[in-house]
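Descriptive structure summary
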Amino acid sequence: MSPLLAQVSTAKFKVLALYTAKNDQAHISFVKEANQWFTQMAAKHGFTYHSTTDWNKLNIKELSAYQVVVFLDTRPEAPEQRKAFEQYMKNGGAWMGFHFAGFALTPSAYDQNWDWYHNQFIGAGEYKSNTWRPTSAVLKVEDSAHPATKQLHSTFTSAPNEWYSWKNDIGKNDSIKILLSIDEKSFPLGTGPKPHEIWHSGYYPVAWTNIHYKMIYMNMGHNDINYENKTNKTLSSTFSSKPQNQFIMNALLWLAQKD
Amino acid sequence: MAQTDQASTPFKVLALAENGGHHIRYSQAAKIWLTQLATQHHFSVDYIENTDKISETFLSQYQLFIQLDYVPYGWKPVASAAFEKYITSGKGGWIGFHHATLMGEFDGYPMWQWFSAFMGGIRYVNYIPSFVSGEVIVEQVEHPVMKGVPSTFTVKTEEWYIYDKSPRPKVQVLARVDEASYQPDSKIKMGDHPVVWINPEMKARNIYIFMGHSPDLFENEAYKQLVQNAILWAAGRQ
């Protein structure tokens, strides 16, 4: 191991994970297992993982104690929370966001009313459409030189997910570096029943970073749920793909690295 | 005496720095260091965080424009026109650090074609996200900007942008980084890799210095000497 790698893997860092876990069984299921998985990873890798539904933790004083902030399923809504988070990021903080944390759609309960976050920081703007029902995809590694994609093959099979497409074409934004995308071997992706829920072609970024911030957004974070039989039983796990887990852990270690 | 008079004449510097982002700690360290340097070398520094104020009239007050980690996109049209005139007419000097070569289509803005030509006709391609150290090799030891700078020096923490091509055919390269020296090694390389250069086509004294990410640069004696020399040279004081 190089000295830098040794240093990174033994450095103590603190993660603050924020979630809501209220509105969608698929997201609630993901949040529950994410908290379990990150707690296990914290024990294994020697970092501190603190998870809470208290979004008021997004204030400058609290945030100064954390090297990485994670949004598991939503974004902050209160203006003062948003302002504190933006300031934290602009002062060199690090962030990981999953699936619905990037969602905005006007009109909806999550209007696109935060331009810095959606257009500049994440870059995707608004949600446009999704696949259904949740399924694995073959993901293509778009940037094999990034630390988050270390030890991954050029393609790998993901855990099941509801895949999003976005209003902005982030492939055309040089601020955004795409790390993972849907590989064409995935098509057709989704099973419907609606035709627009099945993707047959196209370029769909899945995970990316913004070169101006220490951040990684990934579209994973939506489990398959047994809605039909009304049991709401979880049918899949976002942490069932070993390479995907490797990506998430690589990403977290990179985010925690001081540079 | 003309030489002595010019060297000691006070001058005004405009510094444009982003108000946040990955490089904020560099800009903060730079300000502290610039304040000390300003006292020693008879200049004042005015800071701005965006291009709203920039116009021909505004720029005419300043003998030196320091683009201290500010991107070359999203400028107000009046500001970009005024800047082009400032440089092409030689109204003052310019130093650009780091972000000044983020040429491309960023955040929905088109690439600023004039600025890309100013930087040697390049386009940004990638960066080393894990940051590595590299050896900088001075190529023009006789240039005033390199006075007192060792012929090679180590920069500990940089992301070493790569571009679609080397700017070398269109600029005067004062220093390059030796990619073989990267610790740890990285796959993100471009071959000939200039990191300090001047564009002699422009009337303004101008210099681009790539290094400008980590605040630890202001503990690097070679870097501080380079930047001090660049300021005095670009302002016509050396």
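Chain A is annotated in an unreviewed UniProt entry as ThuA domain-containing protein of Rhodocytophaga rosea.

**Some details on the overall build of chain B**
Helix and strand counts for chain B stand at six helices and 11 strands. Relative to its length of 238 residues, chain B is compact, with a C-alpha radius of gyration of 17 Å against a globular reference of 18 Å. Reported as C-alpha extents along the three principal axes, the dimensions of chain B are approximately 50 × 40 × 35 Å. Here chain B, with 238 residues, has 60% of them falling under the buried criterion.

**Brief notes about the sheet that holds strand β6 (residues 132-138) of chain B**
Each strand in a sheet pairs with another by means of backbone hydrogen bonds, the pair being arranged parallel or else antiparallel. Residues and elements named next belong to chain B. Spatially, the nine strands line up as an open sheet ordered β2-β1-β3-β4-β11-β10-β9-β6-β7, and their pairing is mixed. Across the chains shown, the open sheet's two edge strands, defined by having one partner strand only, are β2 (43-48) and β7 (152-158). In this sheet, adjacent strand axes meet at a mean angle of 20 degrees when their direction is disregarded. Inspection of the sheet shows β6 paired to β7 by five bridges, in the antiparallel sense. Bridge pairing links Gly134 to Val155 in β7. Its contacts with the sheet place helix α2 (residues 24-40) against β1 (11-17), β2, β3 (64-68) and β4 (93-97), and it is angled at close to 155 degrees to β2.

**Comments concerning unusual backbone geometry**
Here the bond from Gly192 of chain A into Pro193 of chain A is cis, since omega is 25 degrees, no more than 30 degrees from zero. A cis amide bond links Gln183 of chain B to the next residue, Pro184 of chain B, at an omega of -10 degrees. Positive phi, close to 60 degrees, is recorded for Lys230 of chain A, a residue that is not glycine. Considering the arrangement of structural elements, one finds Lys230 of chain A in the loop between β12 (225-226) and β13 (233-234). Judged by its relative accessible area of 73%, Lys230 of chain A falls in the exposed class.

**Some words on the sheet that holds strand β3 (residues 68-71) of chain A**
Residue and element names in this part refer to chain A. With mixed pairing, nine strands are arranged side by side in an open sheet as β2-β1-β3-β4-β11-β10-β9-β6-β7. Two strands in the sheet have a free side with no partner beyond their single neighbour: β2 (48-52) and β7 (155-157). Ignoring strand direction, the axes of neighbouring strands in this sheet form an average angle of 20 degrees. Where β3 meets strand β4 (residues 94-98), four bridges bridge the pair, whose relative direction is parallel. In the strand pairing of β4, Val68 is matched with Ala94. Along the sheet face, helix α2 (residues 25-45) touches β2 and β4 and points at about 160 degrees away from the line of β2.

**Quick notes on the interface of chain A and chain B**
On the side of chain B, 28 residues touch chain A, which itself brings 23 residues to the contact. Both faces combined, the contact of chain A with chain B buries some 2,100 Å², and carbon together with sulfur accounts for 50% of it. For chain A, the biggest contributors to the area lost against chain B are Asp174, His212 and Asp259 of chain A; these three give 30% of the whole. On the surface where chain A and chain B come into contact, there are one salt bridge. We note a salt bridge from Asp174 of chain A to Arg123 of chain B, for which the minimum N-O separation is 3.3 Å. Among the residues making up the side of chain A that touches chain B, the classes are represented as six nonpolar, nine polar and eight charged.

**Some points on the nonpolar core**
The biggest cluster of nonpolar side chains holds 141 residues, and the ones touching the most others in it are Leu72 of chain A together with Trp160, Ile209, Met211 and Ile231 of chain B. Among all residues touching Leu72 of chain A, those that are not within four sequence positions of it are Ala17, Leu18, Tyr19, Phe30, Val31, Ala34, Asn35, Phe38, Tyr49, Ser51 and Phe98 of chain A. Membership of the second largest hydrophobic core comes to 33 residues, among which are Leu16, Leu63, Trp116 and Ile176 of chain A.

**Examining the environment of Lys194 of chain A**
You can see Lys194 of chain A is positioned in the loop between β9 (176-182) and β10 (205-210). Along the chain, Lys194 of chain A and Tyr164 of chain A lie 30 residues apart, while their C-alpha atoms are 15 Å from each other.

**Digging into the packing of aromatic side chains**
Residue and element names in this part refer to chain A. Across all of its chains, the model carries 71 aromatic pairs over all chains by this definition. Ring geometry for Phe71 and Phe85: centres 4.7 Å apart, planes at 40 degrees, overall tilted. Of this pair, Phe71 sits in strand β3 while Phe85 sits in helix α4 (residues 79-90), placing them 14 residues apart in sequence. Phe85 shares its class with Phe71; the two are buried.

**Remarks on the environment of Asp224 of chain A**
All names here are of chain A. Within the secondary structure layout, Asp224 lies in the loop between β11 (214-218) and β12. Sequence-wise, Asp224 and Ser236 are 12 residues apart; in three dimensions their C-alpha atoms are separated by 5.2 Å. In this structure Asp224 touches Arg133, Pro134, Lys233, Thr234, Leu235 and Ser236, once residues within four positions along its chain are discounted. Here Arg133 takes part through its side chain, which lies 2.9 Å from a polar atom of the side chain of Asp224.

**Section: the pairing of β3 of chain A**
Residues and elements named next belong to chain A. In β3, alternate side chains face the same way, and those of Val68 and Val70 on one face and Val69 and Phe71 on the other are all buried. Taken together, the four bridges between strand β1 (residues 14-18) and β3 define a ladder with parallel strand orientation. Along β3, the bridge assignment pairs Leu18 with Phe71.

**Focus: the UniProt feature "domain: ThuA-like" (unreviewed entry) in chain A**
Using the residue numbers shown here, the UniProt feature "domain: ThuA-like" (unreviewed entry) corresponds to residues 19-233 of chain A. Across residues 19-233 of chain A, the secondary structure splits into 20% helix and 23% strand, with the terminal C-alpha atoms separated by 21 Å.

Parameters and conventions
- Residues numbered from 1 in each chain as written.
- Chains lettered and ligands numbered in written order.
- Predicted model: local features only at pLDDT ≥ 70, side-chain atom pairs only at ≥ 80, totals over all residues.
- Heavy atoms only, no water.
- Helix = DSSP H or I, 4+ residues; strand = E, 2+ residues; numbered from the N terminus.
- Rg over C-alpha atoms; globule rule 2.2 N^0.38 Å.
- Buried < 20%, exposed > 50% of the residue type's maximum accessible area, 1.4 Å probe, protein only.
- Pairing = 2+ DSSP bridges.
- Axes fitted to C-alpha atoms, helices over the stretch in contact; angles between N-to-C directions.
- Contact = heavy atoms within 4.5 Å.
- Buried area = accessible area lost by both parts, 1.4 Å probe.
- Salt bridge = Lys/Arg side-chain N within 4 Å of Asp/Glu carboxyl O.
- Nonpolar A, V, L, I, M, F, W, Y, C, P; charged D, E, K, R; others polar.
- Core = buried A, V, L, I, M, F, W, Y, C linked by side-chain atoms within 4.5 Å.
- Phe/Tyr/Trp six-rings, centres within 6.5 Å; stacked < 30°, edge-to-face > 60°.
- Polar contact = N/O pair within 3.5 Å; in protein donor to acceptor, adjacent residues only side chain to side chain.
- UniProt positions renumbered as here; feature names shortened; annotations may be inferred.

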